[in-house]
Amino acid sequence: MTLRHLRIFVAVFQNSSVTRAARELHLAQPSVSFALRELEGYYGIRLFDRIGRGIVPTEAGKEFYSYAVHITGLFGEMEQKMRNWDTMGVLRVGSSITIGTHILPGLIRSCQRLYPDLTVEARVNQSAYIERCILDNSIDIGLIETFPSHPDIAAEPFMEDEMCAIAAPFHPLAQETGLTPARLAGYPLLMREKGSAGREILDAWFALEHLSVRPLWESSSTQAIVKAVSEGLGIAVLPYLLVEKDIREGQVSRLFLEHPPRRTFNLIYHKNKYLTENMLSFLELCRKGSF
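Residues numbered from 1 in each chain as written. Predicted model: local features only at pLDDT ≥ 70, side-chain atom pairs only at ≥ 80, totals over all residues. Heavy atoms only, no water.

Engineer: Got a sec to walk through the pattern of salt bridges? Specific residues and values, please.
Structural biologist: What the rule picks out here adds up to 18 salt bridges. One salt bridge in this structure joins E162 and R254, with 2.6 Å as the shortest N-O distance. Of the two residues, E162 sits in strand β6 (residues 153-167) while R254 sits in strand β10 (residues 253-255), which places them 92 residues apart along the sequence. Classification of R254 by relative accessible area gives partly exposed; the value is 25%. The partner of E176 in a salt bridge is R183, and the shortest N-O contact between them spans 2.7 Å. (Salt bridge = Lys/Arg side-chain N within 4 Å of Asp/Glu carboxyl O. Helix = DSSP H or I, 4+ residues; strand = E, 2+ residues; numbered from the N terminus. Buried < 20%, exposed > 50% of the residue type's maximum accessible area, 1.4 Å probe, protein only.)

Engineer: With reference to specific residues and values, describe a nonpolar patch on the surface.
Structural biologist: On the surface, a cluster of nonpolar side chains totalling about 390 Å² of accessible area is made up of M1, Y42, Y43 and I45. Exposure remark for Y42: the relative accessible area of 54% places this residue in the exposed category. (Patch = residues over 30% accessible without salt bridge, like charges linked within 9 Å, V, L, I, M, F, W, Y side chains within 5 Å. Areas by Shrake-Rupley, 256 points an atom, 1.4 Å probe, with all protein chains shown as cover.)

Engineer: Lay out the packing of aromatic side chains in plain terms, naming residues and giving numbers.
Structural biologist: Counted according to the given criterion, the structure contains 8 aromatic pairs. Geometrically, the ring pair formed by F9 and F64 is edge-to-face, given 4.9 Å between the ring centres and 75° between the ring planes. Remark: F64 occurs in helix α4 (residues 59-83) and F9 occurs in helix α1 (residues 3-15); sequence separation between them is 55 residues. Pair check on accessibility: F9 and F64 agree, each one buried. Summarising the aromatic geometry, the rings of F13 and Y65 are spaced 3.9 Å apart at their centres and angled 10° between planes, so their arrangement reads as stacked. In this pair, F13 is assigned in helix α1 and Y65 in helix α4, connecting sequence segments 52 residues apart. (Phe/Tyr/Trp six-rings, centres within 6.5 Å; stacked < 30°, edge-to-face > 60°.)

Engineer: Describe the environment of I166, listing the residues and the values that go with them.
Structural biologist: Structurally, the position occupied by I166 is in strand β6. By relative accessible area, which is 0% here, I166 ends up buried. Residues I166 and L238 lie 72 residues apart in sequence; the distance between their C-alpha atoms is 7.8 Å.

Engineer: Run through the state of the cysteines, naming residues and quoting values.
Structural biologist: Scanning the model with the defined rule gives 0 disulfides in all. Left unpaired, C111 is separated from the closest cysteine sulfur, that of C286, by 8.9 Å. (Disulfide = S-S within 2.5 Å.)

Engineer: If you had to explain the packing of α1 against helix α3 (residues 29-43) to someone new, which residues and values would you point to?
Structural biologist: Across the interface, α1 lies against α3 with an axial gap of 9 Å and an inter-helix angle of 110°. For the element pair α1 / α3, the angle class is roughly perpendicular. When α1 is examined against α3, the residues R4, H5, I8, F9 and V12 are found in contact with a partner set consisting of S31, V32, A35, L36, E38 and L39. Within the contact of α1 with α3, the residues separate by chemical class into 7 nonpolar, 2 polar and 2 charged. (Axes fitted to C-alpha atoms, helices over the stretch in contact; angles between N-to-C directions. Parallel < 35°, antiparallel > 145°, perpendicular 65-115°, else oblique. Contact = heavy atoms within 4.5 Å. Nonpolar A, V, L, I, M, F, W, Y, C, P; charged D, E, K, R; others polar.)

Rendered as structure tokens:
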């Protein structure tokens, strides 16, 4: 069993196809198939089930992948750092949309002050996507708005944010205080799409009050929701970080909730990840709030 075997296995797993993996690795398809058979023979297990013309990883294959992806990733990191010792290599960071919009740019700027020659690559997407990137070792550190669900991901909180209700300045609720979920549920609601961290928090907030709400609008664009709110089409509950500027400029008014939902932002990384000096420094910047 060699590093080459592991790289081939990872490519097949990630592509769900021997043909696509062979193309990605610039190898002949029979060579890829033979390497998989050698791996299965070496460990005495089946890594993939061949179903028709497709392949599906077995439970053993999924467990093997969790090791293989980090062994190959660690080797790649070693190669990169040794070959680029003077420039200190690349730091790969991922974040959820709220964090990527308002916090990540400042963090990266602070990190590059410490390491001017460091290249910081960033991905901004939904929290669930960032978790998958951690598991696939396609990023080193993630910053997300939820607590990770996978047991192989280490997490630690680094800040809190409050969910904020907004309405048009002329909306009748703009004059009230101590608003409850039941009070908001009586008006048209504009909400983020299913699967977003903010939507999950909001759904749970209403569910705790045994309220079932159906949004008038669903959108992946916070700015589209804010614009619709400003036109009086409904009310929304969004992260304060995302609407602070619009409230300050008078585009929308903040509604004062009795018990506004709060959420914790988490730093995440794989439990088996070797944390380099750059990664440790970036984690410390997050803990200190250097953004």
